[in-house]
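Below, each chain spelled out in residue letters.
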Amino acid sequence: MATRRNAGPERRSARERLLAAADELFYEGGIHTVGIDRVIERAGVAKASLYDCFGSKDELVRAYLQARHEARKTRITQRVAHCATPREKLLGVFDGLREAMATPGFRGCAFTRVTAETQPSTGVKAVCDEARGWLRELFTSLAREAGVADPAALAQQLALLYDGALAASQFGAGTEAAETARGAAQVMLDAALAASRSVDLTPERHGSTHP
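Residues numbered from 1 in each chain as written. Predicted model: local features only at pLDDT ≥ 70, side-chain atom pairs only at ≥ 80, totals over all residues. Heavy atoms only, no water.

## Some thoughts on the overall build of the chain
Each helix and strand counted, the chain has 9 helices and 0 strands in total. In the chain, the succession of helices and strands from N to C terminus is α-α-α-α-α-α-α-α-α. For the chain, the residues scored as buried account for 35% of the 211 residues in total. For the chain, the exposed area adds up to about 12,000 Å²; of that, 52% sits on carbon and sulfur atoms. (Helix = DSSP H or I, 4+ residues; strand = E, 2+ residues; numbered from the N terminus. Buried < 20%, exposed > 50% of the residue type's maximum accessible area, 1.4 Å probe, protein only. Areas by Shrake-Rupley, 256 points an atom, 1.4 Å probe, with all protein chains shown as cover.)

## Structural notes on the UniProt feature "DNA-binding region" (unreviewed entry) in the chain
Per the UniProt record, "DNA-binding region" (unreviewed entry) is found at residues 35–54. Helix makes up 75% of residues 35–54 and strand 0%. Its end C-alpha atoms lie 15 Å apart. (UniProt positions renumbered as here; feature names shortened; annotations may be inferred.)

## Topic: the packing of aromatic side chains
Scanning the model with the defined rule gives 4 aromatic pairs in all. Between F26 and Y64, the ring centres sit 5.4 Å apart and the planes meet at 65 degrees, which makes this aromatic pair edge-to-face. With F26 in helix α1 (residues 14–29) and Y64 in helix α4 (residues 57–81), the pair connects residues that are 38 residues apart, well separated along the chain. One exposure class covers both F26 and Y64, and it is buried. With centroids separated by 6.0 Å and ring planes inclined at 65 degrees, the aromatic side chains of F94 and Y162 adopt a geometry described as edge-to-face. Placement of the pair is F94 in helix α5 (residues 86–101) and Y162 in helix α8 (residues 151–173), with a sequence separation of 68 residues. In this pair, the class of F94 matches that of Y162, namely buried. Among the aromatic side chains, those forming a connected cluster through ring pairs are F94, F139 and Y162. Sitting above the plane of the Y27 ring, R68 keeps its charged end 3.8 Å from the centroid. Here the guanidinium or amino end of R113 rests over the ring plane of Y27, the centre of that ring lying 5.3 Å away. (Phe/Tyr/Trp six-rings, centres within 6.5 Å; stacked < 30°, edge-to-face > 60°. Lys NZ or Arg CZ within 6 Å of the ring centre and 35° of its normal.)

## Topic: empty space enclosed by the protein
The full count for this structure, using the stated rule, is 2 cavities of 30 Å³ or more. What the largest cavity holds in volume is close to 80 Å³. When residues of the lining of the largest cavity are traced back to their parent elements, those giving at least two are α6 (110–117), α7 (122–146) and α8. Among the elements that make up the lining of the largest cavity, the one with the highest residue count is α7 (3 residues). Within the lining of the largest cavity, the residues separate by chemical class into 4 nonpolar, 1 polar and 4 charged. Considered as a void within the structure, the second largest cavity measures approximately 40 Å³ in volume. Forming the walls of the second largest cavity are F26, Y27, G30, I31, Y64, A110, R113, V114 and E117. Sorting the residues of the lining of the second largest cavity by element identifies α1 and α6 as the ones contributing at least two each. A per-class count over the lining of the second largest cavity returns 6 nonpolar, 1 polar and 2 charged. (1 Å grid on protein atoms, 1.4 Å probe; cavity = no way out; pocket = protein on both sides within 12 Å on 5 of 7 lines; lining within 4 Å. Points joined across faces, edges and corners; volume = space filled by probe spheres on them. Nonpolar A, V, L, I, M, F, W, Y, C, P; charged D, E, K, R; others polar.)

## Re the packing of α4 against α6
Running from N to C, α4 and α6 cross one another at 150 degrees; their axes reach a closest spacing of 10 Å. Comparing the axis directions of α4 and α6 gives the class roughly antiparallel. Contacts between α4 and α6 involve Y64, L65, R68, H69 and R72 from the first element and A110, F111 and V114 from the second. Within the contact of α4 with α6, the residues separate by chemical class into 5 nonpolar, 1 polar and 2 charged. (Axes fitted to C-alpha atoms, helices over the stretch in contact; angles between N-to-C directions. Parallel < 35°, antiparallel > 145°, perpendicular 65-115°, else oblique. Contact = heavy atoms within 4.5 Å.)

Here it is, written out as structure tokens:
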């Protein structure tokens, strides 16, 4: 009986092969350093295939970042799904960051690197903004579910911690950056929750009238 072979590179479409090559090369070397010819060579496709699939290098970069964004969304969503409470989910985002940093080949945030390397086009900037906005909205939603009085303010603080950990990791901090960020996030979160409980217990919130 013949053994069914796994789908290899030859079974993938030109678009899939180009995106896989772009993901490896752009993330490793940067979008400015890596030229189209290197991506085409790594993908093993004709040059015309790149323009047929994407039209330009800029569109390939945008597609590469969009794929990175979707992968990160999936990773974080799956990680926090195992957490029982909104508080645990908020801290779980930082646990997931530490796990990502421990992955071989981790080189920091692809979106930050792109914006730092060059002035992004409108399409590329939109993807970077979408990625940052999604994470901030996740923090805001979870903070609201946890009962924080000002979830947007806490989300902004947590997003800065997350970005700071990513930046620190590129300077040799490794997973310690994520661990430090998680510790700071826990302090901020618990303080915000305590402040919210304090507000809820004030006499005014319970209709008490004092002369």
